[in-house]
Amino acid sequence: MFKLIFPQSYEEKVKRFLQKHHDIVKQYEKTLKLLEINPFHPSLRLHQFKTTSFEGYSVSINMSYRIALEFIIKEKEIILINIGDHQEIYGKR
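Overview of the structure.

Calculation rules
- Residues numbered from 1 in each chain as written.
- Predicted model: local features only at pLDDT ≥ 70, side-chain atom pairs only at ≥ 80, totals over all residues.
- Heavy atoms only, no water.
- Pairing = 2+ DSSP bridges.
- Helix = DSSP H or I, 4+ residues; strand = E, 2+ residues; numbered from the N terminus.
- Axes fitted to C-alpha atoms, helices over the stretch in contact; angles between N-to-C directions.
- Buried < 20%, exposed > 50% of the residue type's maximum accessible area, 1.4 Å probe, protein only.
- Expected span 1.5 Å × (residues − 1).
- Arc of directions from axis to C-beta.
- Contact = heavy atoms within 4.5 Å.

## Things to note about the sheet that holds strand β3 (residues 55–60)
The mixed open sheet is built from 5 strands, whose spatial order is β1-β5-β4-β3-β2. Unpaired on one side and paired on the other, β1 (3–5) and β2 (47–50) mark the two borders of the sheet. Between one strand and the next, the sheet's axes are offset by a mean angle of 40°, whatever the strand orientation. Note: strand β4 (residues 66–72) against strand β5 (residues 77–84), 7 bridges, orientation antiparallel.

Right, dumping it as structure tokens:
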């Protein structure tokens, strides 16, 4: 099992995000549970990416929204960084 780490900056982002997108709260919660159990599950579509300001990984909540994260396999920790659509996560549409 992996340990999910929720920095204060992420907590603030997710609070704003879920207020705007209250219809996907259950999908978000399911994504977190699956991420804890098996971050390599195919439905999460875990992949590495790099932008000018961040290098890390992304998982899918659904086809429109993602969670950006740092994935430390050695220590079995997953640090949640950002949440949003393609523009917010990858810096592109």
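## What to know about unusual backbone geometry
Even without being a glycine, R45 presents a positive backbone phi close to 50°. For R45, the location among the structural elements is in the loop between α2 (25–37) and β2. Its relative accessible area of 36% is what places R45 among the partly exposed residues.

## Examining helix α1 (residues 8–20)
The end-to-end C-alpha separation of α1 is 19 Å, in line with the 18 Å expected for 13 residues at 1.5 Å each. Buried residues of α1: Y10, V14, F17 and L18, and no others. Buried residues in α1, looked at end-on, bunch into an arc of 90°, giving them a common side. Those residues of α1 that are exposed and angled more than 90 degrees off the buried face are Q8, K15, R16, Q19 and K20. Where the residues of α1 are buried, they touch α2, β4 and β5.

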